[in-house]
Amino acid sequence: MTYQNIILHYPYSPLGITAPHVAVIQLNRPKVLNALSTDLMKELVNCLNTCDDNPEIHTIVLTGNDKAFAAGADIAEMATSTPIDQIIEQRFKSWTLLGMISKPIIAAVNGFALGGGCELAMSCDLIVAGDTAKFGQPEIKIGTLPGAGGTQRLTRAIGKSKAMWMILSGEMMDAQSALESGLVAKVFPAETLLAEAVEMAKIIATKAPVAIRLAKEAVNKAFETSLKDGMDFERRNFFLTFSSADQKEGMRAFLEKREAIYKGK
Ligand code: CAA
């Protein structure tokens, strides 16, 4: 499929050196700061599914450009819509589908990650930021509130008071504060962000793919369940890895003091 609003870089080969098992997806509506139109979101989900179905791809990096990861849902597309329009067009269907991707997705954020852009970054498995990144849920400034998980995910990520302030004021948070608040995992100079995110993706991509999937599932469970149920879920996924050839290989390789060779089985 050819995409109009995103670019899939796979194999990802900057300077002719391929990053093995890593796909980079770039949001590509620069004139409107990567505003997340319905078409863009459909293409993104389609592309993520393609990556998810490709056994050669182990990790995905989602990024934008220097100025914006994404400045939110497309306000021009949304401005005159009615509740019924939004129900019929299933406005957030793509967002629900995003949650079904089994491989790790790293959001690499330079510039603005606002509204739906911040929500999209938070829908990924982890966020890394360039030092000029700005996060925010400014929907309150245009007469509405976050609709793609901002009130829930931001609150879980940075705590009630900080999330409440950002959502009620529409004020942005800079990269350093996002790091201190736990919204992002690491901050890099903006110009090296993508390369650093790809390095992180490569590290994840060398691990046993089945264990990676099960670990991602288990961490995400922490947002949806009680501690007891989450621990039970984790334990079952832990036991499950012992039915994989990769667990046998990983532990054998450790004992034999050599690198493991994983087959994803
Ligand atoms: N939707 C549509 N177009 C957008 C957009 C958006 N979310 N954000 C920016 N644009 C467009 C602007 O209209 C402008 O287009 P023109 O050149 O045709 O005028 C272009 O992108 C560049 O933007 P600015 O000139 O405004 O750039 P700036 O550097 O002066 O300001 C900004 C940058 C502070 C991010 C500002 O663009 C802005 O406030 N954008 C809107 C942010 C926002 O409110 N996001 C929430 C959207 S609602 C939502 O996301 C709901 C949800 O939960 C799913």
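Shown above is the structure to which this text applies.
Residues numbered from 1 in each chain as written. Predicted model: local features only at pLDDT ≥ 70, side-chain atom pairs only at ≥ 80, totals over all residues. Heavy atoms only, no water.

Helix and strand counts for the chain come out as 12 helices and 10 strands. Its C-alpha atoms put the chain at 60 × 50 × 40 Å along the principal axes. Evaluated residue by residue, the chain yields a buried proportion of 41% over its 265 residues. Long-range pairs, those at least 24 residues apart, make up 66% of the contacts in the chain between residues at least 6 apart in sequence. Only carbon and sulfur atoms are counted for the fraction: they give 60% of the accessible area of the chain, which is about 14,400 Å². For the chain, the centre of its 28 positive side-chain charges and the centre of its 29 negative side-chain charges are spaced 5 Å apart. (Helix = DSSP H or I, 4+ residues; strand = E, 2+ residues; numbered from the N terminus. Buried < 20%, exposed > 50% of the residue type's maximum accessible area, 1.4 Å probe, protein only. Contact = heavy atoms within 4.5 Å. Areas by Shrake-Rupley, 256 points an atom, 1.4 Å probe, with all protein chains shown as cover. Lys, Arg positive; Asp, Glu negative; His and termini not counted. Charge placed at Lys NZ, Arg CZ, Asp CG, Glu CD.)

Take the pattern of salt bridges next. A full pass over the atoms with the stated rule returns nine salt bridges. In this structure, Lys228 and Asp232 form a salt bridge, with 2.8 Å as the shortest nitrogen-oxygen distance. Residue Lys228 and its partner Asp232 are both found in helix H11 (residues 227-241); the two are separated by four residues, about one turn of the helix. Judged by relative accessible area, which is 54%, Lys228 ranks as exposed. Connected via shared salt-bridge partners are Glu249, Arg252, Glu256 and Arg258. (Salt bridge = Lys/Arg side-chain N within 4 Å of Asp/Glu carboxyl O.)

Another point: the packing of aromatic side chains. Tallied over the full model, the rule gives two aromatic pairs. Measuring from ring centre to ring centre gives 6.0 Å for Phe238 and Phe239, while their planes differ by 55 degrees; the resulting arrangement is tilted. Looking at Phe238, the relative accessible area reads 47%, which means it is partly exposed. The rings of Phe238, Phe239 and Phe242 are connected pair by pair, giving a single aromatic cluster. In this structure, Lys221 packs its charged tip against the face of Phe233, placed 4.8 Å from the ring centre. (Phe/Tyr/Trp six-rings, centres within 6.5 Å; stacked < 30°, edge-to-face > 60°. Lys NZ or Arg CZ within 6 Å of the ring centre and 35° of its normal.)

With that out of the way, let us pick up the nonpolar core. In this structure, Leu120, Phe135 and Leu183 are the most contacted members of the largest nonpolar core, which totals 45 residues. The residues touching Leu120, leaving out its near neighbours within four places in the chain, are Leu27, Leu36, Met41, Leu44, Leu62, Phe69, Trp95 and Leu98. Counting 15 residues, the second-largest nonpolar core is a separate cluster that includes Val24, Ala108, Phe188 and Met200. (Core = buried A, V, L, I, M, F, W, Y, C linked by side-chain atoms within 4.5 Å.)

Axis separation between helix H6 (residues 150-158) and helix H7 (residues 160-169) bottoms out at 7 Å; the angle between their running directions is 140 degrees. The orientation of H6 relative to H7 falls into the category oblique. At the point where H6 passes H7, the crossing takes the right-handed sense. Two secondary-structure elements touch here, H6 through Gly150, Thr151, Leu154, Thr155 and Ile158 and H7 through Lys160, Lys162, Ala163, Met166 and Ile167. When grouped by side-chain class, the residues that make up the contact of H6 with H7 number five nonpolar, three polar and two charged. (Axes fitted to C-alpha atoms, helices over the stretch in contact; angles between N-to-C directions. Parallel < 35°, antiparallel > 145°, perpendicular 65-115°, else oblique. Left-handed = near helix turned anticlockwise from the far one by under 90°. Nonpolar A, V, L, I, M, F, W, Y, C, P; charged D, E, K, R; others polar.)

In terms of burial, strand S3 (residues 59-63) is a largely internal element, five of the five residues being buried. Alternating residues of S3 divide into Thr59, Val61 and Thr63 and Ile60 and Leu62, and every residue in both groups is buried. Alignment of strand S2 (residues 22-27) against S3, held across five bridges, turns out to be parallel. By the bridge assignment, Gln26 is partnered in S3 with Thr63. Taken together, S2, helix H1 (residues 38-53) and S3 constitute a β-α-β crossover, and its handedness is right-handed. Both S3 and strand S5 (residues 105-109) contribute to a ladder of four bridges, which runs parallel. Looking across to S5, one finds that Thr63 is bridged to Ala108. (Pairing = 2+ DSSP bridges. Right-handed = clockwise from strand over helix to strand, strands pointing away.)

Moving on to the site of the ligand. Among the 23 residues in the neighbourhood of the ligand, the closest are listed as Lys67, Ala73, Gly116, Glu119 and Glu139. Measuring from a nitrogen atom of the ligand, one finds a backbone N or O atom of Ala71 at 2.9 Å. Gly147 places a polar main-chain atom, nitrogen or oxygen, 3.0 Å from an oxygen atom of the ligand. Of all the elements in the fold, those that place two or more residues in the shell around the ligand are helix H2 (75-78), strand S6 (112-114) and helix H5 (116-123). (Near = heavy atom within 4 Å. Polar contact = N/O pair within 3.5 Å; in protein donor to acceptor, adjacent residues only side chain to side chain.)

Scope: geometric values only; no functional claims are made or implied.
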